Structure formats: structure tokens, C-alpha cells
Amino acid sequence: MMKLFISSVQKEFALERKEIAVYIRQDAVLGKFFEPFLFEELPARDVSAAQAYLSEVEDSDVYLGLFGAEYGFEDKEGVSPTEREYDNATENHKYRIILIKDVQQREPKEKALIKKAEHDVVRNKFKSFEQLRNAVYAALVHYLELRGFLQNKPFDATWNEEATLEDLDNDKIRWWTGMAREKRNYPIAYSEENVHKILTSLHLISDDGKVSNAALLLFAKDTQKWFVTAIVKCVQFYGTKMQKPMASQQVYTGSIFEVVDQAVSFVMSHIDARVGERTESAQVDVEHELPMQAVTETIVNSCVHRDYLSNGSVQVMLFNDRLEVRNPGRLPKGITIGMLSGEHTSLPVNPLLAYPVYLAGYIEQVGTGTTDIIDKCLEYGLKKPVFSQGADFSVTIWRKNHEKASNEIGKDGGNDIGNDGGKDIGNDGGKDALPDRGPNKNVLNLINVIGKQQLTLKQMMGTMSLKSSSSFHKTYLDPAINDGYVAKLYPDKPTSKGQAYLLTERGLKTWKKSQKK
């Protein structure tokens, strides 16, 4: 076990120090190799603090420095403990990792310390704890790789030896950058010249141009070329058991964003919905039987936190009484089923994959997913969701108590399997599932109008020479959104005057095929 010395101004980074230590100790990979050292965890000793912390630096294997706005307490010579620790690590040839918090102002001596460190070691910047955690994860995995401790790196951080930048889709990166800038104020604007910079900021590309598995799951031109089981299987059953006949079944492929969009669309289009009154902006409020945010969060978590080395896949199963989502994988070390109902440390299995998904707004906050699912369901008057761990990890969201006649289930616009015996939803890669029939003619027309643009309602109707907003919603826009081809730029502001619409990844994929034809 190697000692990781965490150095910083304790008061400024009190929370980050504690959370990073917990994260490293509980991570399935890092916890096997590193034991974090925090000075505040030391028992009282009959030695001076200065002697104690410098002795621990000398005894450590890796020095992690967190530099921010404050320089900290100064000794008689005007030097802070943090700088003493850094100098000691340098003199003793320790492996050093420097992470700099992005702040508005710094004390002059802190600026000087950072400038000194920049001459010696590679450093990285962070704003949020998620960015800090990802940077620590990537740096320590890189260290283990350099030292030969990792023959096989964690899945999401592994460089794919066959893939190159040419295998990534710039349109997907452009779309993601736009979403991340809108949702989380991501600082880098998209341009072809900035693609390498964007991927580097997310730790998805190596210095010599290799791309990681996480990059392929997020942005590959053909995701399933690299990961056959990176799919989502959706099925609707007539009753409350997994048995034939099935009402409807689909297997969705594409990037992680695309399969999530399609799976959510499958669920929302197969449950009850109540249409409200039309608003002043000519939009219709639709209240679904299940909270869309809870459904989305559940499916996103299953795709992000699954074990991608497994031959299994994510399964979304809609029963008469419940929605059940399963993924191949287990809870992280140190997290129990009981902890999921309350606040708990965020320990994503695939952190390099999880963070870009968070930046794109697909999850509200890393570490609060399960509590968000519970809260949204309870707000809807539903029973508390159930989390369980067996061969797979499973989340069950209960539907409202009601009985449906069997001939009413599965009316989804022609995708019914009927009573001729549906195919089992197993781990066979989806070869028996119904094919995705694609959009109807009206939706395809709208897809071709939007293309790579972000258009308002007025712009879309003007391009298509349409005057009736109600007819446009009913015939074109609402079906395109419900089927997962089009999304609102501001989903949290449905009546925003500046509301615009853009294609989802599924929509972009369909648009590209249409352009080729």
C-alpha cells in the first residue's frame, strides 16, 4: 500500500480533503494501492507540527498538492506549511501531482507558489469537486500505469489501442459542447481546432493521441463497433411477470446519450399521460403517469455505472405495476443498499464517463441520483422506489395502482408484437428484437429542417410554410420529441419565449442518413 500525502491549506480545502480521502479509500481500483494521509487525522504526538508533517512527506510515495486562493499560515521565515511540504517532496524526489482551484483572486505568495510548481510538474485546474475527483482519478491511474502496477487499467480510463480521433464523431462532440456550455457553463467553445482541447479537458485522450473507452462510449461514430453490449433493451409486458406474449420490444444502439434518449422515450410513450390546457405559447402541458426526471435518472445511472466488461446489457422492463431497470454491475466498495436512500459519497464506477454525462445535464448532480429518484416518485404520490443487488443491480419504480385491459397495453403506433409470441430479452445482443422503424414522413421532414441548427418554433414553422401552431405541434413537433428525435434547448423552461429546439443524437443520426440518401 502506497501513502498519498494530501497537502493544502486545511481551512480552505477542509471538505475537499475529506471527500478525496473517502473517495480513494472506497474506489475499487485506487483503494487497492493508495492510503491517503491527512494531517488532521494524526493522533496527538510529542513532536512539533512542522516536524510531523515533513516526516510524513518523506515517508510518502505520492504528493498531492491542492492550491487555491490562500497561502496559509506563515512560520518565522514567512513560509507556509504547504510550501514547506511541496519543497520537501521536491527535494526527496516524490511523484508530485498539483491541482489548482480556479478562483477569482489569489494571495501574492500563493501565486508565487503556483508559478514555482508550474516549472517542475504538470498541473491541472478544477472548479468543482467532480472535476477535482476526476483529475485525481486520472493522475493516480496514470501513476500506477507508469509504475507498472496496472496491467489492465479501469475500463473507462483504458486507452483503446485500435481507435483514433478519426473514429470520433465531431458532430456529437459539437452537440455535447453546446449542451455542456448551456447546462454547466462549460468554458470551451466548440470548433474543429478545439476538439483536442475539449477531449483533453475531460481526460479522454492521451498525449500521443490515443482515445479512451469513455470517449468511444460518448462520441464514437459507431459505438457498437467497439462495444457490442453497450445497448439498452426495452420491453413491455402485458402483466406483472416476465412472460410471453410481450406488448412491445426494442433494442437501442448508439452513444450513451442516444440509447438513454431512446430508452426514456420508449418508457414515456408506453405509460399513461394526461394532456392539459394549451399555454399562451401554444405548447401543451403533458403530465405522465411516472415522473420523467426519475425515469431518466434511473436509465442514465444504469448506463453510466454498469460493468462494461460484462456480456450483459441494460434492460428496461415495463410491467403493469412497475418499471424495472437492471444493469450488469455491483455497488462500489463501501456503499450499501441502505445508504442509497440518503446522502452518500459519490463513487461512480466509471468517473471519466460519468462526468461528461453530468456536464451535458443528463443528471442534475453527481452523488444525488438515487435520492432524486426517490423524491420525484414520492412527489408524484408513488410508492418509494426499491433498489436491490443480485446478479445485476436493479431499480424498481412503482406505477400507480390500476388495472389495464390487455387489449389496451402496447398501443404504441404500430410497434406491437401482439399475441404471436414475443422474443426473450436476454443477453444475445438484441438480434431477436424488432428493428427501429425510424420516424414517419412528417417527423423526418422536421428533422431535415432542423439539421445542425437550434431553431425556435417560429423559425421552424416559417421554413416549412406552416401557420397553425396547434397543427404543427400535433403533426410534427410533439411526435418528434416523444420519439426522441428532437429536444428542447431549455427543458426546464417549457414556456420560455426564447425556447429553441435541436436534434438529439438519435435525430442527428437519422438526419445524416437522410442527407446521404
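The model shown is predicted, which means the values in this text are computed figures rather than measured ones.

## Structural notes on the overall build of the protein chain
- Each helix and strand counted, the protein chain has 18 helices and 15 strands in total.
- Of all 517 residues assigned to the protein chain, the portion counted as buried reaches 51%.
- The contacts of the protein chain with a sequence gap of at least 6 include a subset with a gap of at least 24, amounting to 69%.
- Total accessible area on the protein chain stands at roughly 24600 Å², and carbon and sulfur atoms take up 48% of it.

## Details of the sheet that holds strand E1 (residues 2-7)
- Strand order in the open sheet formed by five strands is E2-E1-E3-E4-E5, and the pairing between neighbours is parallel. Single-partner strands in this sheet number two, and they are strand E2 (34-37) and strand E5 (123-126). Here the strands of the sheet are splayed against their neighbours by 25 degrees on average, with no regard to which way each runs.
- In terms of strand pairing, strand E4 (residues 95-101) meets E5 through four bridges, oriented parallel. Looking at E5, one finds that isoleucine 100 is bridged to lysine 125.
- Along the sheet face, helix H1 (residues 14-26) touches E1, E2, strand E3 (62-67) and E4 and points at about 165 degrees away from the line of E2.
- Helix-sheet contacts for helix H4 (residues 81-91) involve E1, E3 and E4, and the interaxial angle to E3 is about 150 degrees.

## Thoughts on the pattern of salt bridges
- Tallied over the full model, the rule gives 21 salt bridges.
- Residue arginine 17 pairs with glutamate 40 through a salt bridge whose shortest N-O separation is 2.8 Å. With arginine 17 in helix H1 and glutamate 40 in the loop between E2 and helix H3 (49-58), the pair connects residues that are 23 residues apart, well separated along the chain.
- Overall, the relative accessible area of 2% leaves arginine 17 in the buried class.
- For glutamate 40, a relative accessible area of 39% translates into the label partly exposed.

## Focus: the state of the cysteines
- Across all of its chains, the model carries zero disulfides by this definition.
- Cysteine 234 takes part in no disulfide bond, and the closest cysteine sulfur, belonging to cysteine 303, lies 9.0 Å away.
- On the basis of relative accessibility, which here comes to 0%, the residue cysteine 234 falls in the buried class.

## Section: helix H11 (residues 256-269)
- Between its first and last C-alpha, H11 extends 20 Å over 14 residues, near the 20 Å set by a 1.5 Å rise per residue.
- Along H11, 13 of the 14 residues are buried, which leaves the element largely enclosed by surrounding structure.

## Brief notes about the sheet that holds strand E10 (residues 314-318)
- Taken in spatial order, the six strands make up an open sheet running E7-E6-E10-E11-E13-E12, and their pairing is mixed. Looking at strand neighbours, the two that pair on one side only are strand E7 (246-252) and strand E12 (386-389), the edges of this open sheet. Strand-to-strand, the axes of this sheet are offset by a mean angle of 15 degrees, without reference to chain direction.
- Relative to strand E13 (residues 393-398), strand E11 (residues 322-327) is paired through six bridges, and the arrangement is antiparallel. By the bridge assignment, valine 325 is partnered in E13 with valine 395.
- Those strands touched by helix H12 (residues 292-304) are strand E6 (232-237), E10, E11 and E13, and its axis lies near 20 degrees from that of E11.

## Observations concerning the packing of aromatic side chains
- Taken as a whole and assessed by the stated rule, the structure comprises 17 aromatic pairs.
- Seen in terms of ring centroids, phenylalanine 67 and tyrosine 86 are 6.5 Å apart; in terms of plane orientation they differ by 75 degrees. Their pairing is edge-to-face. Within this pair, whereas phenylalanine 67 is found in strand E3, its partner tyrosine 86 is found in helix H4, the two being separated by 19 residues in sequence.
- You can call phenylalanine 67 buried: its relative accessible area is 0%.
- Residue tyrosine 86 is classed as buried on the basis of its relative accessible area of 1%.

## Quick notes on the confidence of the model for the protein chain
- When pLDDT is averaged along the protein chain, the result is 82; 84% of the residues meet or exceed 70.
- Per-element averaging of pLDDT across the protein chain places strand E8 (residues 273-278) at the bottom with 61 and helix H9 (residues 213-219) at the top with 96.
- Ignoring residues within four places in sequence, the model shows residues 402-435, a span with pLDDT below 50, making 75 contacts including any to other chains.

## A few points about the environment of glycine 438
- Along the chain, glycine 438 turns up in the loop between E13 and helix H15 (441-450).
- Among the residues examined, glycine 438 registers a relative accessible area of 37% and is labelled partly exposed.
- Here the alpha-carbon distance between glycine 438 and threonine 510, two residues 72 residues apart in the chain, equals 7.9 Å.

## Topic: the packing of H11 against helix H18 (residues 505-516)
- Contact geometry for H11 and H18: axes closest at 8 Å, N-to-C directions at 105 degrees. When the axis of H11 is compared with that of H18, the two are roughly perpendicular. For the pair H11 and H18, the contacting residues are Phe257, Glu258, Asp261 and Gln262 in the first and Glu505, Arg506 and Lys509 in the second.
- Along the lines of polarity and charge, the residues of the contact of H11 with H18 split into one nonpolar, one polar and five charged.

## Thoughts on the pairing of E12
- Across four bridges, the pairing between E12 and E13 is antiparallel. Considered in E13, the bridge of serine 388 is made with serine 394.
- Connecting E12 to the next strand, E13, in antiparallel fashion are three residues.

## A closer look at the pairing of E11
- In terms of burial, E11 is largely enclosed, as five of its six residues are buried.
- Where E10 lies against E11, four bridges are found, and the strand directions are antiparallel. Bridged to leucine 318 within E11 is leucine 323.
- Hairpin geometry of E10 and E11 is characterised by an intervening segment of three residues between the two adjacent antiparallel strands.

Conventions used here
Sequence positions are assigned chain by chain, starting from 1 and proceeding in written order. Only residues with pLDDT of at least 70 are given local features in this predicted model, and only at 80 or more are side-chain atom pairs given and counted; all residues enter the totals for whole chains, interfaces and linings. To get the side-chain values, all heavy atoms of the structure are used, and hydrogens and water are removed first. Comment: elements are numbered from the N terminus, with helices defined as DSSP H or I runs of at least four residues and strands as E runs of at least two. Each residue is placed in one exposure class: buried if its accessible area under a 1.4 Å probe, protein chains only, is under 20% of its type's maximum, exposed if it is over 50%, and partly exposed if it falls in between. The contact criterion used throughout is that any non-hydrogen atoms of two residues lie within 4.5 Å. Only the protein chains shown count as covering a residue, and every accessible area follows the Shrake-Rupley method with a 1.4 Å probe. Strands were regarded as paired on the criterion that DSSP finds at least two bridges between them. Each axis is a line fitted through C-alpha atoms, taken for helices only over the stretch in contact, and angles between the N-to-C directions span 0 to 180 degrees. Salt bridge criterion: a side-chain nitrogen from Lys or Arg within 4 Å of a carboxyl oxygen from Asp or Glu. We call a pair of cysteine sulfur atoms a disulfide when they lie within 2.5 Å. Take the residue count of a helix, subtract one, and multiply by 1.5 Å to get its expected span. Any two rings among Phe, Tyr and Trp, with Trp reduced to its six-membered ring, count as a pair given centres within 6.5 Å; such a pair is stacked if its planes are under 30 degrees apart, edge-to-face if over 60, and tilted if neither. Per-residue confidence from the predictor is given as pLDDT, running between 0 and 100. For classification purposes, angles smaller than 35 degrees are called roughly parallel, those larger than 145 roughly antiparallel, those between 65 and 115 roughly perpendicular, and all remaining angles oblique. The nonpolar class holds Ala, Val, Leu, Ile, Met, Phe, Trp, Tyr, Cys and Pro. Asp, Glu, Lys and Arg form the charged class, and all remaining residues, Gly among them, are polar.

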